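What follows is each chain in one-letter form.
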Amino acid sequence: MRKPIILFAMGALALPANAMAQSPELEDTCKSVAKSFFMTDQLTIGTVQSFPELKPPGVRMSYSTRQGTPPAEMTDIFECEFDKADKPHNLARFCVSSTCYSPNGDDGDRKRRFDEMRILLNRAEK
C-alpha cells in the first residue's frame, strides 16, 4: 500500500522542476516577435514550450490569427531562437511553420524580415 503513495509523492516532486524549466521571459519575447511579424496585437497563442537550457535557447508555440480558436485546433507553429536566455535575448532566428528567417539566409526578403524583427525586439527590450 505504501509503494503507490511513495511513487505518487516522487512524481509530484518532479512536476515543479519540469515546470521551472519553462521560461516565461523567453516565451513573452517570442510572443512579441510573433505579434510584430503578423503586425497584430490579437494573436491567439496555444501551447507554448520554452527551452532556456538549450544552446541556443528557444521557444516553440502554436498560434492562430483567428480569435477564439481552441488550442486543440491550432496547427500553425511559431519558433524563436535567441543568443541567450537572459535579457536582452538577441533574436538569432525565427520560423513560421516551415519558413525560417535568419541573419545569414540566402533569401533577401527573409533576411530583411529577420532584420526588421530584430530591430523591433531591440527597441522593445531597451
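Definitions and cut-offs
Counting from 1, residues in each chain are numbered in the order their sequence is written. Under the rules for a predicted model, residues below a pLDDT of 70 receive no local features and side-chain atom pairs below 80 are neither given nor counted, while totals for whole chains, interfaces and linings still include all residues. The side-chain quantities take in all heavy atoms of the structure and omit both hydrogens and water. Salt bridge, as used here, is a side-chain nitrogen of Lys or Arg placed within 4 Å of a carboxyl oxygen of Asp or Glu. Counting from the N terminus, the helices are the DSSP runs of H or I reaching at least four residues and the strands are the DSSP runs of E reaching at least two. A 1.4 Å probe rolled over the protein chains alone gives each residue an accessible area, and that area as a share of the maximum for its type sets the label: buried under 20%, exposed over 50%, partly exposed in between. For two strands to be treated as a pair, DSSP must find at least two bridges joining them. In this analysis an axis means a line fitted to C-alpha atoms, helices contributing only their contacting stretch, and an angle means the value between N-to-C directions, from 0 to 180 degrees. The contact definition used throughout considers only heavy atoms, calling two residues in contact when any of these lie within 4.5 Å. Any cysteine sulfur atom paired with another within 2.5 Å is treated as part of a disulfide.

K.L.:
I'd love a proper account of the pattern of salt bridges, names of residues and values included.
P.N.:
In total, this model carries six salt bridges according to the counting rule given. The partner of Arg60 in a salt bridge is Glu79, and the shortest N-O contact between them spans 3.9 Å. Taken together, the positions of Arg60 in strand S2 (residues 58–64) and Glu79 in strand S3 (residues 76–82) put the pair 19 residues apart, joining distant regions of the chain. Take Glu79: its relative accessible area is 29%, and that puts it in the partly exposed class.

K.L.:
Describe in detail the sheet that holds strand S5 (residues 99–101), supporting the description with residues and values.
P.N.:
With respect to topology, five strands assemble into an open sheet ordered S1-S2-S3-S4-S5, the strand pairing being antiparallel. Only two strands of the sheet have a single neighbouring strand rather than two, namely strand S1 (44–51) and S5. Averaged over neighbouring strand pairs, the angle between their axes works out to 15° when direction is ignored. Judged from the three bridges that link them, strand S4 (residues 91–96) and S5 form a sheet pairing that is antiparallel. By the bridge assignment for S5, Val96 is matched with Thr99. Strands in contact with helix H2 (residues 24–38) are S1, S2, S3, S4 and S5; relative to S3, the strand with the most contacts, it is inclined by about 120°. Contacts from helix H3 (residues 108–124) reach S3, S4 and S5, with the element oriented near 120° to S4.

K.L.:
I'd like a rundown of the environment of Asp86, residues and numbers included.
P.N.:
Along the polypeptide, Asp86 turns up in the loop between S3 and S4. Note: C-alpha distance between Asp86 and Ser23 (63 residues apart in sequence) is 9.8 Å.

K.L.:
Would you mind going over the state of the cysteines in detail, with residue names and values included?
P.N.:
Applying the stated rule across the entire model yields two disulfides. Note on cysteine connectivity: Cys30 is disulfide-linked to Cys80, with sulfurs 2.1 Å apart. On the sign convention where negative means left-handed, the S-S torsion of about 80° between Cys30 and Cys80 marks this disulfide as right-handed. Note that Cys30 is positioned in helix H2 and Cys80 in strand S3, a separation of 50 residues in sequence. As far as the burial class goes, Cys30 and Cys80 line up, both buried. Here Cys95 engages in a disulfide with Cys100; their sulfurs sit 2.0 Å apart. On the S-S bond that ties Cys95 to Cys100, the torsion sits near 105°, and the link is right-handed. The partly exposed category is assigned to Cys100, whose relative accessible area is 29%. In the protein, the bonded cysteines, numbered by position in the sequence, are linked as 1-2, 3-4.

The values are spatial; any link to function lies outside them.
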